Amino acid sequence: MLKPRSVLLASVCLLPALLAPSPNCAARAQEAPAAVPAGGVIQAINVSGNHRIDTSTIIAYMVVQVGDPFDPQRINQSLKTLYATGLFKSVNITRDGNNLDVDVAENPTVDQVLFSGNKTVEDKDAQAAISLKPRSVFTAEAAEADRQAILGLYAKKGYYNATVTPKIIELPDNRVNVVFNCTDGTQNDVSRITFIGNNHFSQGALKDVVSTRESAWWRFLSSADEYSSDRVEYDQYLLHKFYLHKGYADFQILSANANLSPDRKSFYLTYVLYEGPRYKISSITINSSIRTLSSKALRGLVPLSAGDWFDGDALQDGIDAVNKRALDLGYAFAQVNPQVQTDPDTKTLAITLNVINGPRVYIQRIDVTGNTRTEDKVIRRELTVAEGDAYNQTKIDDSTKHLKDLGFFKDEKLTTSPGSTPQQVVLNTHVTEQATGQFSLGGGYSTSLGALLNTGLSQNNFLGTGVNASVNGLIAQRGTQINIGVTDPYFLDRNLIAGTDIFRTVTNSYTSSGQSYSYSESTIGADVRLGYRFNDYVRQNFTYTISQRDIYDIPTASSSNIYIQNEAGKSTLSQVSQTLSFDYVDDDQHPTSGLLINLTTDVAGLGGSAKYVRLSPDIAYYIPFERLLGNKAWVLKLSATGGDLINIGGYNDKIEDRFFVGGDSLRGFADGGIGPYAEPQYNSSGTQTSSGGQIGGRHMWTASAEMHFPLPVSPDLGISGFAFVDAGSLWGANTIGTATLRDSKSPRMSAGAGVSWNTPFGLINLSLADPFKKERGDQTQQFRISFGTQF
């Protein structure tokens, strides 16, 4: 923003009034030939009025020189040439005998360029868009061009009624400060989107396709309803992509108009469409000129067949797959050229893919640019290619994904340029840094923990080394947690993930009715982690944990469980764990397809009081139904988990060692609501001496089928639905004394539905389940809500 300073003898005036060229300058230029009579030879050229520009420079700009005849036309051309340099406000050429006198008034130079009143457009963006810079020559034309450039920045942000007024501040020595006074005005939203010519799809369906949204009160946290010419252009691409995906190969957008509403506060967008007929595929042929790839082998990469409806997305996927197969063999400039023949009578398409051969190309050098803070090695270690390797497009794409997954950069681009020979290329890796530090503060509610507040401070790229350091804390009605951790994803510059954590956790376990707590459990300790990546999909992690555990705050004997009473006190855990992971999902945050397997083994007994082996496998498989149902929100998730706790060395497992099933792991049942159940105990007089409750088990399994689907609301709300069937069982516990223990392997089952709302503050899940198969002593909980972070 503008920071005014006092300037001696400064005066302020409007730009057009002060520095516009004199209105008779052009006239004087035209009258110059009449003022300089012909005849004779120029013996000298005298220049006056110049203070900053050398006399020799001014004479060099002129068409006539010493020794030339006095030619009125050439003198007039010299006058125009001097004006065209932009260096002078006025130029006057006269003849004095055999001398030519040139009198000039120089344009001022720019000392500073300042901006005032601009809130929407930042100074750095405006500075980059204009041509006037410190020490440049000021002209009214340049100031006007810069004014238009700044207005263009406002227009891109949807502020079409913004105003920009350039002013100057005169300084000594023919210098000026240029000030652009800005008024942001109000933002223009899109109040109406209309489609004309859409016979096969409704207005609502097409509004869901484009990224621009009609303004609504609940979009106050979104910018999708702000008008942007760039977004309108992107929306045209989305419409083309949608119609080609649906088989309308002749689709065209005849016009896309944005008109201001009568009150000039919003825009009306109107798209005029030509849909054309829907086509089927009559044939698909691949012609390959690459010796090592047969057309037959490539045909299987294209997921379309004769008789299918034409699908532009599937065809592009096939072209990409064929192209990558060729590029994987080192043919960097291989091309797949599609040819489509349309038969309007039968409404069919004959598709031919021509694979053109190219020379083998190698990577001569890898250049990294744009990393002002991140060390070179942090970027280079994410690249799956090295200097001297054969060019491989699949590895280039993988490298781009790896850089994007880091989260360190706003943008990452891998491009090639010619090397020193035709068989070599230079791989240019350009990144744009972004802030990697984060402070988070949030809250919510979960059925397990009650109301909660979580906060965290993290730096994902500590000192540009790629090391992650974080401090996270959570305070809830039924528990607290704090964790301090450091992780180096390339320990010792090798393919090793190393880290350490210090943690403290307190959990207040409560009865199924939620009216009172039955005991509290605290854990304080530290761990050391080391992992190894076998490839992009398989990795193994090892963790050593040492901690002290405490069971305390147990109520009086009559209102507490005898098993809890028996296990009160402190214990120590010294445990080595390993997890072997197979991750083939398409998106770590929002998977829609693929397989995820985790195989975990815990071994306790290297010191400490706990001695056991615990096995915990889990698997999840995601199946997309977009091709069948036309919406990518349709996803089926099949998942299963297992667990087996084996005591060693005569150790008797404790409640903190065992598995618990219920809550999120088996909806329809309370947290830890199934499994071995200790019956209440009574003395001979009928007085209760011990309450009942679940105590956990050594063996468990769960399985779930969950279908996610879209709801008939705007996708911008982030609301989707899901239906599920859950099953599971938990068993295996030792009886204490004469206590009665119900321990059944029988499966429990539930079914239900729910709603997920992805808000800017976190994910909210609401579910309603019917536990239609249960055992005596199981604790049910049909309605469940989770909001925010959980343990």
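This structure is a prediction, so every number in the text was calculated from the model and none was measured.

Reading guide: rules and limits
- Residue numbering note: each chain is counted from 1, following its sequence as written.
- With the structure being a predicted model, the display of local features is reserved for residues of pLDDT at least 70 and the display and counting of side-chain atom pairs for 80 or more, all residues being used for whole-chain, interface and lining totals.
- Heavy atoms from the whole structure form the basis of all side-chain values; hydrogens and water molecules are not counted.
- Comment: elements are numbered from the N terminus, with helices defined as DSSP H or I runs of at least four residues and strands as E runs of at least two.
- The quantity called the radius of gyration is restricted to C-alpha atoms. Its globule counterpart is 2.2 Å times the number of residues to the power 0.38.
- Exposure categories follow from relative accessible area, calculated using a 1.4 Å probe and restricted to protein chains: below 20% of the type maximum is buried, above 50% is exposed, and the middle band is partly exposed.
- With residues, only the protein chains shown are counted as cover, and all accessible areas are computed by Shrake-Rupley using a 1.4 Å probe.
- Only four residue types enter the charge count: Lys and Arg as positive, Asp and Glu as negative, with His and the chain ends excluded.
- Every charge is mapped onto a representative atom, which is NZ of Lys, CZ of Arg, CG of Asp or CD of Glu.
- Salt bridges, as used here, are contacts in which a Lys or Arg side-chain nitrogen is within 4 Å of a carboxyl oxygen on Asp or Glu.
- Pairing of aromatic side chains here covers Phe, Tyr and the six-membered ring of Trp, requires ring centres within 6.5 Å, and sorts the geometry by plane angle: under 30 degrees stacked, over 60 edge-to-face, intermediate tilted.
- Every residue pair with non-hydrogen atoms within 4.5 Å of one another is taken to be in contact.
- Here an axis means a line fitted to C-alpha atoms, over the contact stretch when the element is a helix, while the angle between two N-to-C directions is reported on a 0 to 180 degree scale.
- Roughly parallel means an angle under 35 degrees; roughly antiparallel, over 145; roughly perpendicular, 65 to 115; everything else is oblique.
- Polar here means any residue outside two lists: the nonpolar Ala, Val, Leu, Ile, Met, Phe, Trp, Tyr, Cys and Pro, and the charged Asp, Glu, Lys and Arg; Gly therefore counts as polar.
- When DSSP finds two or more bridges between two strands, those strands count as paired.
- Multiplying one less than the number of residues by 1.5 Å gives the expected span of a helix.
- The score called pLDDT rates the predictor's confidence residue by residue, from a low of 0 to a high of 100.
- This arc is built from the directions going out from the helix axis to the C-beta atoms.
- In the analysis that follows, any N or O atom pair within 3.5 Å is treated as a polar contact, provided that within protein one partner can donate a hydrogen and the other can accept it, and provided that, for residues neighboring in sequence, both atoms belong to side chains.
- Each patch is built from residues that are more than 30% exposed by relative accessible area and take part in no salt bridge. Like charges join if they lie within 9 Å; nonpolar side chains (Val, Leu, Ile, Met, Phe, Trp, Tyr) join within 5 Å.

Peer 1: When you look at the overall build of the protein chain in this model, what are you seeing that I'm missing?
Peer 2: On a plain count of helices and strands, the protein chain comes out with 14 helices and 39 strands. Compactness check: the protein chain gives a C-alpha radius of gyration of 37 Å against a globular reference of 28 Å for 791 residues, more than 25% above the reference. Taking the principal axes of its C-alpha atoms as reference, the protein chain extends roughly 140 × 75 × 60 Å. Counting all 791 residues of the protein chain, 40% fall into the buried class. When the accessible surface of the protein chain is summed, it comes to about 39600 Å², and 54% of that surface belongs to carbon and sulfur atoms. Computed over 69 positive and 79 negative side-chain charges, the separation of the two mean positions in the protein chain equals 2 Å.

Peer 1: Help me out: how do you make sense of the pattern of salt bridges in this one?
Peer 2: Applying the stated criterion across every chain yields a total of 27 salt bridges. A salt bridge links Arg549 to Glu656; the nearest nitrogen and oxygen atoms lie 3.9 Å apart. Note that Arg549 is positioned in strand E23 (residues 538–552) and Glu656 in the loop between strand E27 (635–647) and strand E28 (668–669), a separation of 107 residues in sequence. Both residues of the pair, Arg549 and Glu656, count as buried. Note that Asp664 is salt-bridged to Arg784, the shortest N-O span being 2.8 Å. Residue Asp664 is found in the loop between E27 and E28, and its partner Arg784 is found in strand E39 (residues 783–787); the two are separated by 120 residues along the sequence. A relative accessible area of 43% places Asp664 in the partly exposed class.

Peer 1: Teacher, can you tell me more about the packing of aromatic side chains here?
Peer 2: Within a pair of aromatic rings, the relevant descriptors are the distance that separates the centres and the angle that separates the planes. All chains considered together, the criterion is met by 18 aromatic pairs. For the pair Phe115 and Phe180, a centre-to-centre distance of 5.8 Å together with 20 degrees between the ring planes defines the contact as stacked. Placement of the pair is Phe115 in strand E5 (residues 109–116) and Phe180 in strand E7 (residues 175–183), with a sequence separation of 65 residues. Phe180 matches Phe115 in its accessibility class, with the two residues each being buried.

Peer 1: How should I be thinking about the environment of Lys395 in this particular structure?
Peer 2: With respect to the secondary-structure elements, Lys395 resides in helix H12 (residues 393–406). With 68 residues separating them along the chain, Lys395 and Leu327 place their C-alpha atoms 9.7 Å apart. Leaving out residues up to four positions away in the same chain, Lys395 has contacts with Thr384 and Val385.

Peer 1: Would you mind going over the environment of Arg135 with me for this structure?
Peer 2: Inspection of the secondary structure puts Arg135 in the loop between helix H5 (123–129) and helix H6 (140–156). Judged by relative accessible area, Arg135 falls into the exposed class, the value being 75%.

Peer 1: Looking at this structure, how should I read the packing of helix H10 (residues 312–328) against H12?
Peer 2: Two quantities define a packed helix pair, namely the angle between the helix axes and the distance between the axes. Interaxial distance between H10 and H12 falls to 7 Å at its minimum, and their mutual angle equals 110 degrees. As judged from the angle between their axes, H10 and H12 are roughly perpendicular. Contacts between H10 and H12 involve Lys324, Leu327 and Asp328 on the former and, on the latter, Gln393, Thr394 and Asp397. Grouping the constituent residues of the contact of H10 with H12 by class yields 1 nonpolar, 2 polar and 3 charged.

Peer 1: Looking at this model, I keep getting lost on the sheet that holds strand E9 (residues 252–260). Mind explaining?
Peer 2: Hydrogen bonds along the backbone pair up the strands of a sheet, which may run parallel or antiparallel. Taken in spatial order, the 3 strands of this open sheet run E8-E10-E9, and their pairing is mixed. Of all the strands in the sheet, the pair left with one neighbour each is strand E8 (189–196) and E9. Between one strand axis and the next, the sheet turns by 15 degrees as a mean value, whatever way the strands run. Strand direction decides the pairing type here: E9 and strand E10 (residues 266–274), joined by 8 bridges, are antiparallel. When the sheet's bridge partners are listed, Ser255 is paired in E10 with Val272. Helix-sheet contacts for helix H8 (residues 229–245) involve E8, E9 and E10, and the interaxial angle to E10 is about 30 degrees.

Peer 1: Help me out: how do you make sense of the pairing of strand E2 (residues 44–48) in this one?
Peer 2: One face of the sheet, then the other: side chains in a regular strand alternate in exactly this way. Of the two faces of E2, only one is covered, namely that formed by Ile45 and Val47; the face formed by Ala44, Asn46 and Ser48 stays uncovered. One ladder, built from 5 bridges, connects E2 with strand E4 (residues 99–106); its direction is parallel. Bridge pairing in E4 links Ile45 to Leu100.

Peer 1: Looking at this structure, I do not really get the side chain of Thr374. What am I missing?
Peer 2: Tracing the sequence through the fold places Thr374 in the loop between strand E14 (362–369) and helix H11 (376–380). Leaving out residues up to four positions away in the same chain, Thr374 has contacts with Ile379, Phe409, Glu433, Asn461 and Gly464.

Peer 1: Please clarify how the sheet that holds strand E11 (residues 280–288) should be interpreted in this entry.
Peer 2: Taken in spatial order, the 3 strands make up an open sheet running E11-E13-E12, and their pairing is mixed. The open sheet has two edge strands with one neighbour each: E11 and strand E12 (335–343). Going from strand to strand, the sheet's axes swing by 15 degrees on average, the running direction of each strand aside. Across 8 bridges, the pairing between E11 and strand E13 (residues 348–356) is parallel. Among the inter-strand pairings, Ser288 is bridged to a residue of E13, identified as Val355. Against the sheet, H10 touches E11, E12 and E13, its axis set at about 150 degrees to E12.

Peer 1: Could you clarify how one ought to interpret H6 in this entry?
Peer 2: The α-helix winds at 3.6 residues per turn, so residues separated by three or four positions along the chain end up facing the same way. Its 17 residues place the ends of H6 25 Å apart at the C-alpha level, agreeing with the 24 Å of an ideal helix rising 1.5 Å per residue. Along H6, the residues classified as buried are Ala140, Ala142, Ala143, Asp146, Ile150, Leu153, Tyr154 and Ala155.

Peer 1: Could you clarify how one ought to interpret the confidence of the model for the protein chain in this entry?
Peer 2: Per-residue pLDDT for the protein chain averages 85, and the proportion of residues at 70 or more is 90%. Every residue in residues 1–34 is under pLDDT 50, and counting partners more than four places away or in other chains gives 58 contacts. A low-confidence stretch, residues 511–517 (pLDDT under 50), is modelled with 10 contacts involving residues beyond four sequence positions or located in other chains.

Peer 1: Would you explain helix H4 (residues 72–84) in this entry?
Peer 2: Spanning 13 residues, H4 covers 18 Å between terminal C-alpha atoms, matching the ideal 18 Å at 1.5 Å per step. Of the positions making up H4, those classed as buried are Pro72, Ile75, Asn76, Ser78, Leu79 and Leu82. Buried positions in H4, seen along its axis, are confined to an arc of 155 degrees and lie on one side of it. Relative to its buried face, H4 has exposed residues pointing more than 90 degrees away, namely Gln73 and Ala84. The N-terminus of H4 is capped by Asp71, whose side-chain oxygen sits 3.1 Å from the backbone nitrogen of Gln73. Within two residues after H4, Gly86 carries a phi angle of roughly 75 degrees, on the positive side.

Peer 1: Teacher, can you tell me more about unusual backbone geometry here?
Peer 2: Backbone geometry follows two general trends: most residues other than glycine have a negative phi, and most peptide bonds adopt the trans configuration. Look at Leu463: it is not a glycine, yet its phi comes out positive at around 55 degrees. Inspection of the secondary structure puts Leu463 in the loop between strand E18 (450–462) and strand E19 (467–476). Residue Leu463 is classed as exposed on the basis of its relative accessible area, which comes to 64%. Phi at Leu492 takes a positive value of approximately 60 degrees, unusual for a residue other than glycine. Looking at the secondary structure, you find Leu492 in the loop between strand E20 (479–488) and strand E21 (496–510).

Peer 1: Help me understand a nonpolar patch on the surface, please; the structure alone is not making it clear to me.
Peer 2: On the surface, Phe439, Leu441, Leu453, Leu457, Val471, Ile475, Ile482, Ile484 and Ile502 cluster together into a nonpolar patch covering about 900 Å² of accessible area. Those elements that place two or more of their residues in the nonpolar patch are strand E17 (437–446), E18, E19 and E20. With respect to the helices and strands, Leu453 occurs in strand E18.

Peer 1: Which parts of the structure should I look at to understand the side chain of Asn177?
Peer 2: Tracing the backbone shows Asn177 in strand E7. Of the polar contacts made by the side chain of Asn177, one reaches the backbone nitrogen of Gln112; its length is 3.0 Å.

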